[in-house]
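# Notes for the structure review
The lines below spell out each chain.
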Amino acid sequence: MPIKNIIYRVDGGSKYGFGHIKRAITLNKIFYKKKINFYVKKEVEGFNYVKKFIKNVSLINNKIEKQILIKASNTLIIFDTLLLNKSILEKINLKKNKLIVFEDLKMISKNYANLIINAIVDGPIHREIKIKNGKKLSGSIFKIYHKPEKIIKKEKIITICFGGGNFPKLKYKKCINNLLKIEKLKKYRIICIIGPGSKIIKKDLKSHRRLKILNNVNDLDRFLAKSKIFIGGGGGTIYEALR
């Protein structure tokens, strides 16, 4: 079956985080020669973020999503969202389309997808198992990593990043205050990176000569590469920090 179109369904924002959105933006850069139609259902904030990097993106609702999937033919459909559900998958004609699903941890798509990629589970262990219409891959080897252009020497830096969503301000404060009290870490600088979906601003956090607050950086990989200590909230950033 020749693939003529690509649909990329992605969601993210303050509530759902920005990991899925960041991956969509990266894949769009990699496959720049292909025309990919991006669709965002949740959240508006995430949609506005995608628009900064991708022109061919639309904000849709449930009705429009169903219409798009029902009409799809000779199309590669990619789901990169926490909002995946069985009723949506049932609208897809699997004989006329191919289906890839990212981070389907509940295996909702196991009877529909041709390929499931769960990159944020199983750590360094690479697993490959058969599913009804293809295979499921899991393990950090399948994650898209962002590497600095050159090797960066580790410094006495602690980088804190709890993801792109709206992580509670008090959690940041507690983490920073506790780090500043640890005698063995008094020679370490602390860099706190606030994600694009956060409502926190610099003045919300305690000012200190060893503390630097950064909002929505585009080169997180550089900070991870030079930091001896990383504190995060889970997700794909943990794997990047361990590289």
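Our subject is the structure listed above.
Conventions we followed
- Residues numbered from 1 in each chain as written.
- Predicted model: local features only at pLDDT ≥ 70, side-chain atom pairs only at ≥ 80, totals over all residues.
- Heavy atoms only, no water.
- Salt bridge = Lys/Arg side-chain N within 4 Å of Asp/Glu carboxyl O.
- Helix = DSSP H or I, 4+ residues; strand = E, 2+ residues; numbered from the N terminus.
- Buried < 20%, exposed > 50% of the residue type's maximum accessible area, 1.4 Å probe, protein only.
- Pairing = 2+ DSSP bridges.
- Axes fitted to C-alpha atoms, helices over the stretch in contact; angles between N-to-C directions.
- Contact = heavy atoms within 4.5 Å.
- Polar contact = N/O pair within 3.5 Å; in protein donor to acceptor, adjacent residues only side chain to side chain.
- Phe/Tyr/Trp six-rings, centres within 6.5 Å; stacked < 30°, edge-to-face > 60°.

Moving on, we get to the pattern of salt bridges. By the definition in use, this model includes 9 salt bridges. The shortest N-O distance in the salt bridge between aspartate 80 and arginine 23 comes to 2.8 Å. Linking aspartate 80 in strand 4 (residues 75–80) with arginine 23 in helix 1 (residues 19–30), this pair joins segments that are 57 residues apart in sequence. Here the two residues aspartate 80 and arginine 23 agree in accessibility, since each one is buried. Note that glutamate 128 is salt-bridged to lysine 135, the shortest N-O span being 3.5 Å. In the salt-bridge network here, residues are joined through shared partners; they are Arg9, Asp11, Lys41 and Glu65.

Moving on to the sheet that holds strand 6 (residues 115–118). In space, the 8 strands of this open sheet follow the order 3-2-1-4-5-6-8-7, with mixed pairing throughout. A strand with exactly one partner marks an edge of an open sheet, and here the two such strands are strand 3 (57–59) and strand 7 (127–131). This sheet shows a mean twist of 15° between the axes of neighbouring strands, independent of strand direction. Relative to strand 8 (residues 134–138), strand 6 is paired through 4 bridges, and the arrangement is parallel. Within strand 8, the residue paired with asparagine 118 across the bridge is serine 138. This element, helix 1, spans strand 1 (5–10), strand 2 (36–40), strand 4 and strand 5 (97–102) of the sheet and lies at about 155° to strand 1.

With respect to the helices and strands, the residue serine 109 is situated in the loop between strand 5 and strand 6. The buried category is assigned to serine 109, whose relative accessible area is 0%. At 2.6 Å, the side chain of serine 109 forms a polar contact with the side chain of aspartate 104. Apart from residues no more than four positions distant in its own chain, serine 109 is found in contact with Leu84, Leu89, Val101, Asp104 and Ile116.

What follows is about the sheet that holds strand 12 (residues 227–232). Pairing between the strands of a sheet is mediated by backbone hydrogen bonds and can be parallel or antiparallel. Sheet architecture is open: 4 strands sit in the order 11-10-9-12, paired in parallel fashion. Only two strands of the sheet have a single partner each, and these edge strands are strand 11 (211–215) and strand 12. Sheet twist, expressed as the average angle between the axes of neighbouring strands with direction ignored, equals 20°. Pairing geometry for strand 9 (residues 155–161) and strand 10 (residues 189–194), over 4 bridges, is parallel. Of the residues in strand 10, the one forming a bridge with threonine 159 is isoleucine 191. Strands in contact with helix 5 (residues 169–181) are strand 9, strand 10, strand 11 and strand 12; relative to strand 10, the strand with the most contacts, it is inclined by about 175°.

Take the packing of aromatic side chains next. Think of a pair of aromatic rings as described by two things: how far the centres are apart, and how the planes are tilted against each other in angle. Scanning the entire structure with this criterion turns up 6 aromatic pairs. Judged by centre distance (5.2 Å) and plane angle (80°), the rings of phenylalanine 18 and tyrosine 49 are edge-to-face. Separated by 31 residues along the polypeptide, phenylalanine 18 in the loop between strand 1 and helix 1 and tyrosine 49 in helix 2 (residues 44–51) bring together distant segments of the chain. Overall, the relative accessible area of 3% leaves phenylalanine 18 in the buried class. For tyrosine 49, a relative accessible area of 5% translates into the label buried.

Cis geometry marks the peptide bond from lysine 42 to glutamate 43; its omega dihedral reads 0°. Topologically, glutamate 43 is positioned in the loop between strand 2 and helix 2. Positive phi values are uncommon outside glycine, yet asparagine 74 reaches one of about 50°. Note on placement: asparagine 74 falls in the loop between helix 3 (62–71) and strand 4. Notably, glutamate 103 is not glycine yet its phi reads approximately 55°, a positive angle.

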